[in-house]
Amino acid sequence: MRKNYMKLMLSLGFSLASLISMAQTKTIKGQVFDEANAPMPGAVVMISGTQIGNMCDEKGNYKLSFDASGMEEVTVIATMVGYEKAKANVTLTGENFTQNFSLKQDQMGLKEMVVTGVTNPKSKLESSVSISTLRAENINQAAPRTTAEIFRAIPGIRSEASAGDGNTNITVRGVPISSGGSKYLQLQEDGLPVLQFGDMAFATSDIFLRADQSISRIEAIRGGSASTMSSNSPAGIINFISKTGEVEGGSVANTLGLDYQSYRTDFDYGSPISKDLSFHIGGFYRTGEGVRTAGYNANNGGQIKASLTKKFSKGYARLYMKFLNDRAAAYMPMPIQVSGTNADPVYKSLSTFDALRGTLHSPYLQQSVGYGNSGELRRADIADGMHPVSKAIGAEFNFDLGEGWSLENRGRFSINNGNFIAPFPASVGSTASQLTALQGAMGWTLNNPSLTYADNGAAFTGDKAMLVHLFDTELRNFNLFVNDFKIKKKVNENININVGLYKSNQTVSMTWLWNSYLMDVNGDGGRLLNIDTGATRLTHNGQFAYGVPVWGNCCTRSYDTKYDITAPTVGATFDMKDLSVDASLRYDMGHVTGTFAGASQSTSDMNNDGVISANEISVSSINYAASTAVDYTYNYLSYSVGANYKLNESSAVFGRYSTGAAAKADRILFSSSILAGGDARATYDEISQGEVGYKLRHKKGGLFVTAFYANVNEQGGYEATTQKVIENDYQSMGLELEGTYSINKALDLRGSLTYTNAKITSGANKDKTPRRQSPVIYNLFANYKLGKHSVGLNFIGTGASYAQDDNKLVMPAYVITGAYANFAVTKSLMFSVNGNNLLNTIGITESEEGSITENTDNIIRARSIMGRSISATLRLSF
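Anyway, here's the lowdown on the structure attached to this text.

Reading guide: rules and limits
Residues numbered from 1 in each chain as written. Predicted model: local features only at pLDDT ≥ 70, side-chain atom pairs only at ≥ 80, totals over all residues. Heavy atoms only, no water. Helix = DSSP H or I, 4+ residues; strand = E, 2+ residues; numbered from the N terminus. Rg over C-alpha atoms; globule rule 2.2 N^0.38 Å. Buried < 20%, exposed > 50% of the residue type's maximum accessible area, 1.4 Å probe, protein only. Expected span 1.5 Å × (residues − 1). Arc of directions from axis to C-beta. Contact = heavy atoms within 4.5 Å. Pairing = 2+ DSSP bridges. Axes fitted to C-alpha atoms, helices over the stretch in contact; angles between N-to-C directions. Salt bridge = Lys/Arg side-chain N within 4 Å of Asp/Glu carboxyl O. Disulfide = S-S within 2.5 Å. Polar contact = N/O pair within 3.5 Å; in protein donor to acceptor, adjacent residues only side chain to side chain. Core = buried A, V, L, I, M, F, W, Y, C linked by side-chain atoms within 4.5 Å. Patch = residues over 30% accessible without salt bridge, like charges linked within 9 Å, V, L, I, M, F, W, Y side chains within 5 Å. Areas by Shrake-Rupley, 256 points an atom, 1.4 Å probe, with all protein chains shown as cover. Phe/Tyr/Trp six-rings, centres within 6.5 Å; stacked < 30°, edge-to-face > 60°. Lys NZ or Arg CZ within 6 Å of the ring centre and 35° of its normal.

1. Some points on the overall build of the protein chain
Phase 1 of the analysis: Along the backbone of the protein chain there are five helices and 57 strands.
Phase 2 of the analysis: A compact globule built from 878 residues should have a C-alpha radius of gyration of about 29 Å, and the protein chain, at 29 Å, falls within 12% of that.
Phase 3 of the analysis: Overall, the C-alpha framework of the protein chain stretches about 100 × 70 × 55 Å when taken along its three principal axes.
Phase 4 of the analysis: Within the span of the protein chain, comprising 878 residues, buried residues form 59% of the whole.

What follows is the structure, given as structure tokens:
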């Protein structure tokens, strides 16, 4: 028995040795240097077409050991952020090989391949588009507190970033913020839209988008071929591109707010599983009050993302998923004091409401009671805030079919739902003026009313109060299926053509269930107020109406609609030595079906006490008996033509003309745009754009200079906060600058400046400047390396703009100052401190009021950027 066992073990040992010898293990090693012959720790070296790779150590050394069975020659590629990649072919005739690399600086990434908004992937230097790239270190240097704050570092993008982690108004190169959100700009994850429409009321795309350490880079295209590369993206695309685990490594980071309550943990890890298979997983979880004083954990939740990539000899296939369940406070405009004149106003905080730290959120305002979507008695939790829940699964593949043919497909299905609930100041002023407004809306007679705090019954004697509308919306179903298919043919060395088919189905199912409250004016623990006349109480816990009678009970409504979009595309590129010309067409066809219903009023005993109180006489509920059908189609043609001429290996000029459109979603439902029988008019807004530019790459950095023009023909859209349909045409032109410069090996600068001259070209405000449109936006980032450590300063500025289209009240210019310091505790442990808005600057991004009474103190409803916040991060990399 023992002899047989020994024979078996010997046999297995010889077999294993035989397999090892057949595996043909090869080793390639070497160093990576910069142009000054200094080692480059952190550079990545990979074998092209495989998942075999490694990161250089602190001396720039790398080593690749791999099974070379079936390989005669491999291409080794060395890359580093901010440098041009280098590659070398290695013939595998022995066992050990040495291959060193020298990388040339490329701070603007002009030699990088871009995949967003182009018909065929090309380097920035060879592409006829305006595109910028933000990498992980660029994002960290800006010290963003929300995803929207990242966008402020992108040239030409004005991101108001004052509403919290979502509900952000974003404009591009003077293309207007007409009703909210990002109507003309599309937010994407891995080349597909987060939501099909960027400006849906209370369901903007950025609510369902979070940035964390799973992001490899962000590519942002302004204008250009974005019109034909995706539906509803005529002004630009911001694409979050995820890591795929090609190189083994990961990190865990814990971030603590030092002067505000916040704790966040981020993690990611990726690795090759074999030479052609890799995975990546990452995500975050956070909890805390946030920068503004909500009095409870206003931010609470997180996400997880994962991907699996398989490489083949002729392409790759990838499967990925995302689960997001996050809560973030939605900050609405707040009471702010303004004095001076409309042309030269002075904004400052009220004594009881800090514009930089205060909020209408309060531990005393925790619930809202009323009728629900189906007529049931419903209680909403205000701490939900912006509460997106997204479960997504996607796949993409790209294959070379031979004979010049290739195939590319991206598809994703996401199950999206959640809530949006936030207090909005419908009216702010003296206590007497608020009672007068309330009395008129409710039809009450208030003879010597007394006010008491709802939480303890103590008398309220304050001289200021506000009527608060609770923007309470259920995002019941925002599911999205989207698939983008392309087949490409390389006709010869000079001509490439592609045809594709884009298909999406976006569900929009939402219910508005708004209620009304009376509150004191306090940004740190605002309290609800009850109204009594004699022995009769008119309110329940500060709630004076089940609905919003001050606004004519406009906002109890429900809609269930589906948007089916089909868009065939065709494109071609012609390369003739240094000249590249491209053209593309897209034909969008949409079919919209569904129903929507408004409010009806009835008398109901909402608190079940057997008595009909004053605020229960007229209760809002959804009137499904009077639903309106929706059944209409739309179609439009988009096209883009561009050319790029490479002057030399370091510079190029380009030009482009494009025409596209953005279709409307929910913002036309409760308007005159819906016709009898469910048909509709004014279903999309058109935009035409032109641009010419110059790109330069030099030894110390790079420069983009782009002159642009845009003409927008808008058909109008509903804005919830003003209950108005805004309908204007616009024109803008300007100049965009983006550059980087390395003063020396330690100090580098990066920045951009966009000048825009925009005007309204139709209607009552013709020739005036569009609201919130600043003529100048800019940013500057300075970074200094101290050996393994680094420090930096950043400045993000916005010029003065007008609050509304009538161009009366000015919102002054402001600059956000930030800083960071990174300390390398060990080679794998980093401690960082980040500061945002260090000078505690008030920066007004929007105002509900368009004018003030001059040379007196006014209280308006406006929204400022958040105040100073400092955080510390401890990051372990492995």
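2. A short note on helix α5 (residues 431-442)
Phase 1 of the analysis: Over its 12 residues, α5 extends 16 Å from the first C-alpha to the last, a length consistent with the 16 Å expected when each residue adds 1.5 Å.
Phase 2 of the analysis: Of the positions making up α5, those classed as buried are T431, Q434, L435 and L438. Within α5, the buried residues cover an arc of 100° as seen down the axis, which keeps them to one side. Pointing more than 90 degrees away from the buried face of α5 are the exposed residues A432, T436 and G440.
Phase 3 of the analysis: Close packing links the buried residues of α5 with β28 (405-430), β29 (450-453), β30 (464-477), β33 (515-520), β34 (529-533) and β36 (543-545).
Phase 4 of the analysis: With its phi angle positive at about 75°, G443 sits one or two positions after the end of α5.

3. Observations regarding the sheet that holds strand β56 (residues 858-864)
Phase 1 of the analysis: Reading across from one edge, β24-β23-β56-β55 is the order of the four strands in this open sheet, with antiparallel pairing throughout. Bordering the open sheet on either side are β24 (345-348) and β55 (844-847), each of which pairs with just one other strand. Across the sheet, the mean angle separating the axes of adjacent strands is 50° when strand polarity is ignored.
Phase 2 of the analysis: As judged from the four bridges shared by strand β23 (residues 334-340) and β24, these two strands associate in the antiparallel manner.

4. Comments concerning the pattern of salt bridges
Phase 1 of the analysis: This model, assessed by the stated rule, comprises 41 salt bridges.
Phase 2 of the analysis: A salt bridge links K664 to D685; the shortest N-O distance between them is 2.7 Å. Here K664 is found in the loop between β42 (651-663) and β43 (684-698), whereas its partner D685 is found in strand β43, with 21 residues between them in sequence. Side by side, K664 and D685 carry an identical accessibility label, which is buried.

5. Regarding the state of the cysteines
Phase 1 of the analysis: All told, the structure shown has one disulfide when counted by the stated rule.
Phase 2 of the analysis: Paired by a disulfide, C554 and C555 hold their sulfur atoms 2.2 Å apart. Because the torsion about its S-S bond is -80°, the bridge between C554 and C555 counts as left-handed.
Phase 3 of the analysis: The exposure class assigned to C554 is buried, which follows from its relative accessible area of 19%.

6. Thoughts on the side chain of T873
Phase 1 of the analysis: Relative to the helices and strands, T873 is located in strand β57 (residues 869-877).
Phase 2 of the analysis: Separated by 2.8 Å, the side chains of T873 and T255 make a polar contact.
Phase 3 of the analysis: Contact partners of T873, with chain neighbours within four places excluded, come to A253, N254, T255, M830, F831 and S832.

7. A word on the nonpolar core
Phase 1 of the analysis: Within the largest apolar cluster, 77 residues are counted, with the highest numbers of intra-cluster contacts made by F151, I238 and Y632.
Phase 2 of the analysis: Once residues within four sequence positions are removed from consideration, Y632 is found in contact with Y563, G590, H591, V592, K664, I668, I674, G678, D679, A680 and T683.
Phase 3 of the analysis: Judged by nonpolar contacts, the second largest core, of 36 residues, contains Y296, L360, M811 and I844.

8. What about a nonpolar patch on the surface?
Phase 1 of the analysis: A surface patch of nonpolar side chains, amounting to about 830 Å² of accessible area, comprises I273, I304, L308, L319, M321, F323, I393, F413, I415 and F481.
Phase 2 of the analysis: Elements with a minimum of two residues in the nonpolar patch: β21 (299-312), β22 (315-325) and β28.
Phase 3 of the analysis: Of the residues forming the nonpolar patch, the biggest block, three residues, is contributed by β22.
Phase 4 of the analysis: With respect to the element layout, I393 can be found in strand β27 (residues 386-402).

9. Details of the environment of F781
Phase 1 of the analysis: Turning to its location among the elements, F781 is positioned in strand β49 (residues 776-786).
Phase 2 of the analysis: According to the relative accessible area criterion, F781 is buried, its value standing at 0%.
Phase 3 of the analysis: With 37 residues separating them along the chain, F781 and G818 place their C-alpha atoms 9.2 Å apart.
Phase 4 of the analysis: In this structure, F781 is in contact with A142, A153, D748, L749, R750, L793, N794 and I796, ignoring residues within four places of it in sequence.

10. Thoughts on the sheet that holds strand β15 (residues 192-193)
Phase 1 of the analysis: Strands sit in the order β11-β16-β17-β14-β15 across an open sheet of five strands; the sheet is mixed. In the strand order of this sheet, the two ends are held by β11 (130-135) and β15, each with one partner.
Phase 2 of the analysis: Note: strand β14 (residues 185-189) against strand β17 (residues 236-242), five bridges, orientation parallel. The residue of β17 that forms the bridge with Q188 is N239.

11. Details of unusual backbone geometry
Peptide bonds are trans in most cases, and residues, glycine excluded, mostly fall at negative phi.
Phase 1 of the analysis: Despite not being glycine, N541 shows a phi value in the positive range, around 55°.
Phase 2 of the analysis: Relative to the helices and strands, N541 is located in the loop between β35 (536-537) and β36.
Phase 3 of the analysis: What makes N541 partly exposed here is its relative accessible area of 45%.
Phase 4 of the analysis: A positive phi angle, close to 55°, is found at K577, a residue other than glycine.
Phase 5 of the analysis: Here K577 is to be found in the loop between β37 (556-576) and β38 (579-597).

12. A few points about the packing of aromatic side chains
Phase 1 of the analysis: Scanning the model with the defined rule gives 23 aromatic pairs in all.
Phase 2 of the analysis: Between the aromatic rings of Y62 and F101, the centroid separation amounts to 6.3 Å while the plane-to-plane angle is 45°, which identifies the pairing as tilted. One end of the pair, Y62, is in strand β4 (residues 61-67); the other, F101, is in strand β8 (residues 101-103), and 39 residues separate them in sequence.
Phase 3 of the analysis: On the basis of relative accessible area, Y62 is assigned to the buried category, the value being 4%.
Phase 4 of the analysis: The ring of Y364 carries R527 above its face, with NZ or CZ at 5.6 Å from the centroid.
Phase 5 of the analysis: Note that R557 overlies the ring of W512, its terminal NZ or CZ placed 4.5 Å from the centroid.

13. Considering the environment of T50
Phase 1 of the analysis: Secondary-structure assignment places T50 in the loop between β2 (44-47) and β3 (53-55).
Phase 2 of the analysis: With 565 residues separating them in the primary sequence, T50 and N615 have C-alpha atoms 69 Å apart.
Phase 3 of the analysis: Apart from residues lying up to four places away in sequence, T50 is in contact with M71, K275 and K311.

14. Some remarks on the environment of N232
Phase 1 of the analysis: Position of N232 among the secondary structure elements: in the loop between α4 (226-229) and β17.
Phase 2 of the analysis: The exposure class assigned to N232 is buried, which follows from its relative accessible area of 5%.
Phase 3 of the analysis: Taking C-alpha positions, N232 is 8.2 Å from G660, a pair spaced 428 residues apart along the chain.
Phase 4 of the analysis: Once you skip the residues sitting within four places of it in the chain, N232 turns out to touch K183, Q186, Q196, F197, Y636, A661, A662 and A663.
Phase 5 of the analysis: Here Q196 takes part through its backbone oxygen, which lies 3.1 Å from a polar atom of the side chain of N232.
Phase 6 of the analysis: Among the polar contacts made by the side chain of N232, one reaches the main-chain amide nitrogen of A663 at a distance of 2.7 Å.

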